[in-house]
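Structure at a glance
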Amino acid sequence: MGRLAPGWRGAGVLLLAGLLGLAALGLSTQHPVAPLAVAMGLLMAGLLVGWRPQAIWFLLPALLPVMSFAPWTGWTLIDESDLLVMACLAGGFVRWALDRRAGTGPVATRGRRIFVTLWCLLAATLAWGVWIGLSDAGVHGSTLFRDEAALHAGHDSAWNTVRVAKSLVWGLLLGALMWAHSPAFKPAAWVARGMVAGLALVCLVVLWERGVYAGLFDFSLPYRTSAWFWEMHVGGGAIDAYLAMALPFAFWAVWTAPTAWRWAAANALMVVSVYTVLTTYSRGVYLAVLISLVFMGVSAWRMKLAPAAGAAWGRRTLGSMLLVLGLEGMLVFGGGSFMADRLSRSDVDLVGRVAHWQSGVGLLQSPGDWTSGLGVGRFSAHYSREVPGGGYPGRADWQRSAAGVPQVVLSGPASEGQRDGYFALTQRVDVGTAGGHRVRLRAHSGQPAHLVVSVCERHLLYEFRCQWQWVTVPVTDVSEGFQEVVLAGDAFDDRSAREQLRQGVLAVAPAQAGSTVRLESLELFDAGGRQLLKNSEFGAGLQHWFPMSLGYFQPWHIDNLYLDVLIERGLMGLAVFALWVLWAGTSLLKGLQRRDPLAWVMAGAVLGMLSLGSVISVTEVPRVLLILTLLMWSSGAIRGQIEDVSRCNEL
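Residues numbered from 1 in each chain as written. Predicted model: local features only at pLDDT ≥ 70, side-chain atom pairs only at ≥ 80, totals over all residues. Heavy atoms only, no water.

**Quick notes on the sheet that holds strand S11 (residues 546–549)**
Hydrogen bonds between backbone atoms are what pair the strands of a sheet, whose relative direction is either parallel or antiparallel. Note the threshold: Strand pairing requires that DSSP identify at least two bridges connecting the strands. Secondary structure elements follow DSSP: runs of H or I of four or more residues count as helices, runs of E of two or more count as strands, with numbering from the N terminus.
The antiparallel open sheet is built from 6 strands, whose spatial order is S8-S6-S5-S9-S3-S11. Of all the strands in the sheet, the pair left with one neighbour each is strand S8 (488–489) and S11. Here strand S5 (residues 449–458) pairs with strand S9 (residues 504–510) via 7 bridges, running antiparallel. By the bridge assignment, Glu457 is partnered in S9 with Gly504.

Okay, here's the thing in structure tokens:
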């Protein structure tokens, strides 16, 4: 049986790879926008990873920051990043199984045994947290998978447990794959290169966003950069957390550039990266990035870490970094009043944040809650239901009527006095035609209710030119026919070439607290009579539709990484998370003692995220959490590389 065990393990790995590959391709065929392109891309990614296993550690950090098209697809449970991860895992596990069959697998070491123990602890606490979360949501057995609205379920549903847990599952599988492959693949080096590539893509998106919407050098407009992090449709600091982890890699790219040309290119990335950080207008990310860069500068000096191009280039690197930080900081702080206003409100904001944290911790009401938490993905449901004044500003739930007619139930806040008008259901539209827009809808309500329908130029959080109109909803039990309204406001004429690049967004918002509107159909016509909306009768669920909060975000985020883990996973989960950080930190310390540039940058990135974690939570943002997971495993893998080298030297 001992001889058969490796074969059985290989068969199990191949089975897992096949399931992941089939799931990725199956979901890609259901993609609302480009099913063929997505399927072909996933197939190519899986084949590339199977052929060159190290490619996975570059592809994921490079593409995850931009691999989501949620405003166009309407997918909120999964997105393109999940499909990419599944395809890459499928290719990686196939290669792993083939390597084991050929007898080229890694040799067990003490570090590998510690990794296995930690991995099992993380897996056990995750499984327990998912079980508690699903039980808390009232779901048992297979009933979860009978929900037609799964892909568009709200944050207070049982599916939110799945949405949050999936990135942790991907992280565990990626950790197993990273440690299964030979350390000769140097995963940390590939992850670092991928982080540089991903940061470059985010910077390009930011330059486009700022240029099209706010203006590259207009720092007085209250516009905060969000890039391609669509998870911020309900607020949160997705881009803040990403930049805290990614910006140290720009500094690393400058420091390790072997030629003047690469040094200049890396410096250009550093300049745009700092610009991106500054235009988030986030005080937390400012401090986190400053902490990580100061750490990297001081540690490079203390370790006598020589830059690749020589000592002279090192002095130029430090000088150019200080110059960039100083000049761009002066430009942003002196170029307008927006950041000055935010800084002047810091004490008030801190008081509000502390009160928010106290409300979140107050959800833990029993010894069991403190030990095991409320369950993975369950903070939002409890906060919105149990904290006075903490309810959602609105919601959009897809369902079928008693007669089987698809409809969207739009509702505002549950009670008067809460924030009404802060929630909308949106869809991306073309506003290239000048003139007014006309809306035709079929809706009804059980009580007097109004909707506000608008078409605006919008990227994500902020609107520019708009057309809008109030709609009075008939008070009936069933829909009695169509209503038509003409939107008033800006005609979208005389738009500059830059403004013509702006995306249009239709938004339909419940206008008052306590109201519920059943929307069965919604169409939008431009001045030429062209119907612009997709899935206008909701027959495909909420495909192409994207719910969005418009300024109130507390029910979705606790805004503290450590409290987030405590509330959802309990002291048990927080302790395991602390062990994970300690394990990665110990590995990085050993790498720093060996003057390893990879340990240097990984330490800067992890330190930046852990610092920002005091004011930002990320477990509810799957893509960003997965990037943090990659950095943690890569940090620990540096120890594996060191042990592998030591073992080879002993031989």
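Don't stop here, the text continues.
**A closer look at the nonpolar core**
Heads up, the rule is: By nonpolar core is meant a set of buried Ala, Val, Leu, Ile, Met, Phe, Trp, Tyr and Cys residues that side-chain atoms within 4.5 Å join together. The buried label applies to any residue whose accessible area, calculated with a 1.4 Å probe on protein chains only, is under 20% of its type's maximum; exposed applies above 50%, and partly exposed to all values in between. We call two residues in contact whenever any of their non-hydrogen atoms come within 4.5 Å of each other.
In this structure, Phe249 and Trp600 are the most contacted members of the largest nonpolar core, which totals 138 residues. Setting aside anything within four residues of it in sequence, one finds Phe249 in contact with Ala192, Met195, Val196, Val601, Met602, Ala605 and Leu631. Among the nonpolar cores identified, the runner-up in size contains 32 residues, and Trp398, Leu410, Leu451 and Leu532 belong to it.

**Quick look at the pattern of salt bridges**
Selection criterion: A carboxyl oxygen of Asp or Glu within 4 Å of a side-chain nitrogen of Lys or Arg is what we treat as a salt bridge.
Counting across every chain of the model gives 16 salt bridges. In this structure, Arg385 and Glu386 form a salt bridge, with 3.6 Å as the shortest nitrogen-oxygen distance. Arg385 sits in the exposed class, given a relative accessible area of 53%. The closest approach of N and O atoms between Arg495 and Glu457, which form a salt bridge, is 2.9 Å. Linking Arg495 in the loop between S8 and S9 with Glu457 in strand S5, this pair joins segments that are 38 residues apart in sequence.

**Concerning helix H5 (residues 80–101)**
Put simply, the test is: Expected helix span is taken as 1.5 Å per residue step, with the number of steps being one fewer than the number of residues.
Spanning 22 residues, H5 covers 32 Å between terminal C-alpha atoms, matching the ideal 32 Å at 1.5 Å per step. Among the 22 residues of H5, 17 are classified as buried, and the element is accordingly described as predominantly covered.

**As for the state of the cysteines**
Defined as follows: Cysteine sulfur atoms are paired as a disulfide whenever they come within 2.5 Å of each other.
Overall, the coordinates contain 1 disulfide when judged by the stated rule. The disulfide partner of Cys456 is Cys466, and the S-S distance across this bridge is 2.0 Å. Sign of the S-S torsion, about 115° for the bond between Cys456 and Cys466, identifies this disulfide as right-handed. With Cys456 in strand S5 and Cys466 in strand S6 (residues 463–473), this residue pair connects regions lying 10 residues apart in the sequence.

**Some details on the confidence of the model for the protein chain**
Using the following cut-off: The predictor's confidence in any single residue is recorded as pLDDT, a number from 0 to 100.
Across the protein chain, the average pLDDT comes to 88, with 89% of residues at 70 or higher. Confidence over residues 642–651 falls short of pLDDT 50; this stretch has 9 contacts with residues more than four positions distant or in other chains.

**Concerning the pairing of S5**
For S5, the buried fraction is high: 8 of the 10 residues fall into the buried class. The sheet contact formed by S5 and S6 spans 9 bridges and is antiparallel. Bridge pairing links Ser454 to Trp468 in S6. Here S5 folds back onto S6, and the loop between the two strands holds 4 residues.

**What about the pairing of strand S1 (residues 395–400)?**
Summarising the sheet, S1 and strand S2 (residues 406–411) pair through 6 bridges and their orientation is antiparallel. Within the sheet, the bridge partner assigned to Arg400 lies in S2 and is Pro406. Two successive antiparallel strands, S1 and S2, enclose a turn made up of 5 residues, where Gly404 displays a positive phi of approximately 85°.

**Some remarks on empty space enclosed by the protein**
Heads up, the rule is: Grid points spaced at 1 Å over the protein atoms alone were grouped into cavities, where a 1.4 Å probe fits but cannot get out, and pockets, open sets with protein on both sides within 12 Å along at least five of seven lines, with lining residues defined by an atom within 4 Å of a point. Grid points are joined across faces, edges and corners, and a volume is the space filled by probe spheres set on the points. Residue classes follow a fixed rule: Ala, Val, Leu, Ile, Met, Phe, Trp, Tyr, Cys and Pro count as nonpolar, while Asp, Glu, Lys and Arg count as charged, and any other residue, Gly among them, counts as polar.
Overall, the coordinates contain 8 cavities of 30 Å³ or more when judged by the stated rule. Approximately 490 Å³ is the volume found for the largest cavity. Together, 40 residues line the largest cavity, and Thr76, Ala153, His155, His233 and Pro547 are the ones closest to its centre. Counting residues per element, the ones that place at least two in the lining of the largest cavity are H5, helix H7 (159–180), S1, S11 and helix H19 (622–650). No other element matches the 4 residues that S11 contributes to the lining of the largest cavity. Of the residues in the lining of the largest cavity, the class split is 18 nonpolar, 12 polar and 10 charged. Within this model, the second largest cavity holds a volume of roughly 310 Å³. Taken together, 22 residues make up the lining of the second largest cavity; nearest its centre are Leu168, Arg569, Phe577, Trp580 and Leu625. When contributions to the lining of the second largest cavity are tallied by element, the ones reaching two or more residues are helix H6 (110–136), H7, helix H17 (561–593) and H19. Sort the elements by how many residues they give to the lining of the second largest cavity and H17 lands first, with 9 residues. Each residue belonging to the lining of the second largest cavity can be placed in one class, and the counts come to 14 nonpolar, 5 polar and 3 charged.

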